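# Chain and residue survey
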Amino acid sequence: MEPIYVTRPYLPPLSEVFPLLEDIWKTRVLTNSGPFHELLEETLCKQLDISNISLFSNGTLALLVALKSLRLSGEVITTPYTFIATANSICWNGLTPVFADIDPVSYNLDPCKVEQRITPNTCAVLPVHCYGNPCDVDKFKSLGENYNLPIIYDASHAFGVNIGGTSLLSYGDFATLSFHATKVFNTFEGGAVVSAGLSTKKSLDRLKNFGFVDELTVASNGINAKMSEFSAAVGLCQIHHIESCLEKRRRIARIYSSQFGQLSQVRVPIYSTNVSHNIAYYPIRISSHGASSKTRDGLVEWMRENYLVYARRYFFPLIYQFPYFSSFCDDPTSLPNAISAASEVVCLPIYAEMKEDEISRVVDSVITYFK
Ligand code: T4K
């Protein structure tokens, strides 16, 4: 029996990649905003229906540089229910993360809880579109306007999500993406920042290239966060397949939801008809109330031991539960929704090229546990 992992990267046919590699070998342009880099930016703007995108070498640096470009100081209110990179990029900017609670259904930062944590030290809000589910973008927009705070979305999971026909990435001062191997669209490693205006994009482009304005001028404390031509070429080959990959993910999610929806202890994701979901993850929630001895951790172990299915507990532990971040949370009791999600949610394997027998094995592994 082969293991089934939480995800597998989509890879385009090698025959589609080779011609682009031959070009790279011919021109020897490997990096520094080469032709594939420029073409991928242009292609992504069309594909995602956005005006400005800057490519990065990974999603963490995308977020780190987006924050840096705002020249902030003070506290950034964010979610504790996310991948560690969200908080890392706050601290790398010399800023202080402040954690507010999440909504128990969407798992996203709750704007009302954010408002309660705003103080004169607050300099920005950093919500995450967790699992690709849209945050309450209208409420965050009003919050940003009312308190004069920038909203930076960590949209690492949200490639290709539209809400009411509009790209989710067009909300906020910035939306940052990850193109890591585990994401719906990958460039092996990679990331991007979507910005509202061209001048903002230009300032990000300078920051990711050591701060160079031109050959003789460095105007800001930049870094090297550029995407290589190889990654850009892989991205260009992926993009032709993205719609079919998203459709395959949605189909698997429908199968899972129809199978698991009947299990009383399992809560399946709720998908809004107003949103074109990308099914970046398939999180189920195992309610630990009542007399049942069945738990989320029990399920994870059962699946692994008996079916070689490697479901993952994204996002456990919560950020403030990691030793480095514990000093940033003075009152964990203010985060009850995040605490219970971290102990009850598990992400099941889902990826475009999942085979029928793999889907069935995941289904069986969950159903037999609750029998
Ligand atoms: N913000 C948010 C909200 C994020 O979720 C992330 C990344 C970021 C920011 C930062 O973006 P990047 O800087 O990473 O671009 C993974 C990913 O490494 C990470 O990118 C992702 N979030 C996070 C949620 O998950 P791990 O430690 O769980 O990955 P790993 O290596 O255990 O991979 C999971 C499974 O995927 C493996 O069991 C098998 C499969 N896999 C993985 C890789 C790397 C493959 O089949 N091939 C591969 O090359 O963190």
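The structure under discussion appears in the preceding block.
Criteria and cut-off values
- Residues numbered from 1 in each chain as written.
- Predicted model: local features only at pLDDT ≥ 70, side-chain atom pairs only at ≥ 80, totals over all residues.
- Heavy atoms only, no water.
- Helix = DSSP H or I, 4+ residues; strand = E, 2+ residues; numbered from the N terminus.
- Buried < 20%, exposed > 50% of the residue type's maximum accessible area, 1.4 Å probe, protein only.
- Polar contact = N/O pair within 3.5 Å; in protein donor to acceptor, adjacent residues only side chain to side chain.
- Contact = heavy atoms within 4.5 Å.
- Core = buried A, V, L, I, M, F, W, Y, C linked by side-chain atoms within 4.5 Å.
- Near = heavy atom within 4 Å.
- Areas by Shrake-Rupley, 256 points an atom, 1.4 Å probe, with all protein chains shown as cover.
- 1 Å grid on protein atoms, 1.4 Å probe; cavity = no way out; pocket = protein on both sides within 12 Å on 5 of 7 lines; lining within 4 Å.
- Sits in = over half its atoms within 2 Å of the grid points.
- Nonpolar A, V, L, I, M, F, W, Y, C, P; charged D, E, K, R; others polar.
- Pairing = 2+ DSSP bridges.
- Salt bridge = Lys/Arg side-chain N within 4 Å of Asp/Glu carboxyl O.
- Axes fitted to C-alpha atoms, helices over the stretch in contact; angles between N-to-C directions.

In this section: the side chain of T82. Examined against the element boundaries, T82 turns out to sit in the loop between β3 (75-78) and α4 (84-92). T82 sits in the buried class, given a relative accessible area of 6%. One polar contact links T82 to T86, side chain to side chain, over a distance of 2.7 Å. Other than its neighbours up to four places away in sequence, T82 contacts V128, F315 and I319.

Now for the nonpolar core. Residues L44, Y81 and F159 are the most contacted members of the largest nonpolar core, which totals 73 residues. Excluding residues within four positions of it along the chain, Y81 makes contact with I102, Y107, C130, Y131, Y314, F315, L318, A338, A341, A342 and V345. Counting residues in hydrophobic clusters, the runner-up holds 28 residues, among them I279, Y307, L348 and F370.

A separate point is the site of the ligand. In the neighbourhood of the ligand, 26 residues make up the surrounding shell, with R8, T60, D154, H157 and Y314 lying closest. At 2.5 Å from an oxygen atom of the ligand is found a side-chain nitrogen or oxygen belonging to Y314. About the coverage of the ligand: the protein hides 76% of its 910 Å² of free accessible area. One can see that the ligand is located within the largest pocket. Elements supplying a minimum of two residues to the shell around the ligand: α3 (59-69) and α4. Looking at the shell around the ligand residue by residue, the class counts come to 10 nonpolar, 12 polar and 4 charged.

Glancing now at the sheet that holds strand β15 (residues 282-286). Judged by pairing direction, the sheet is antiparallel, and its 3 strands sit side by side in the order β13-β15-β17 without closing on themselves. Unpaired on one side and paired on the other, β13 (266-267) and β17 (345-348) mark the two borders of the sheet. Where β13 lies against β15, 2 bridges are found, and the strand directions are antiparallel. If you follow R267 over to β15, its bridge partner there is R285.

Another aspect to go through is the environment of I118. Inspection of the secondary structure puts I118 in the loop between α5 (111-117) and β5 (122-126). Here the alpha-carbon distance between I118 and I319, two residues 201 residues apart in the chain, equals 20 Å. Leaving out residues up to four positions away in the same chain, I118 has contacts with I77, L143, Y147 and L149.

What follows covers the pattern of salt bridges. Tallying each qualifying case throughout the model produces 17 salt bridges. Of the charged contacts, one joins E42 and K46 as a salt bridge, the two residues approaching to 3.9 Å between their closest N and O atoms. Taken together, the positions of E42 and K46, both in helix α2 (residues 35-48) and 4 residues apart, correspond to about one turn of that helix. Using a relative accessible area of 47% as the deciding quantity, one classes E42 as partly exposed. Given the relative accessible area of 66%, K46 is considered exposed. Measuring nitrogen to oxygen at the nearest pair gives 2.6 Å for the salt bridge that ties D297 to R296.

With that settled, consider the sheet that holds strand β6 (residues 152-154). Here 4 strands make up an open sheet; going across it, the order is β2-β10-β9-β6 and the pairing mixed. In the strand order of this sheet, the two ends are held by β2 (53-56) and β6, each with one partner. Going across the sheet, the axis of each strand differs from the next one's by a mean of 20°, ignoring polarity. With 5 bridges joining them, strand β9 (residues 174-178) and strand β10 (residues 191-195) adopt antiparallel strand pairing. What sits directly across from A175, in β10, is V194. Here helix α7 (residues 198-207) sits on the sheet and contacts β2, β9 and β10; the angle it forms with β2, its principal contact strand, is near 15°.

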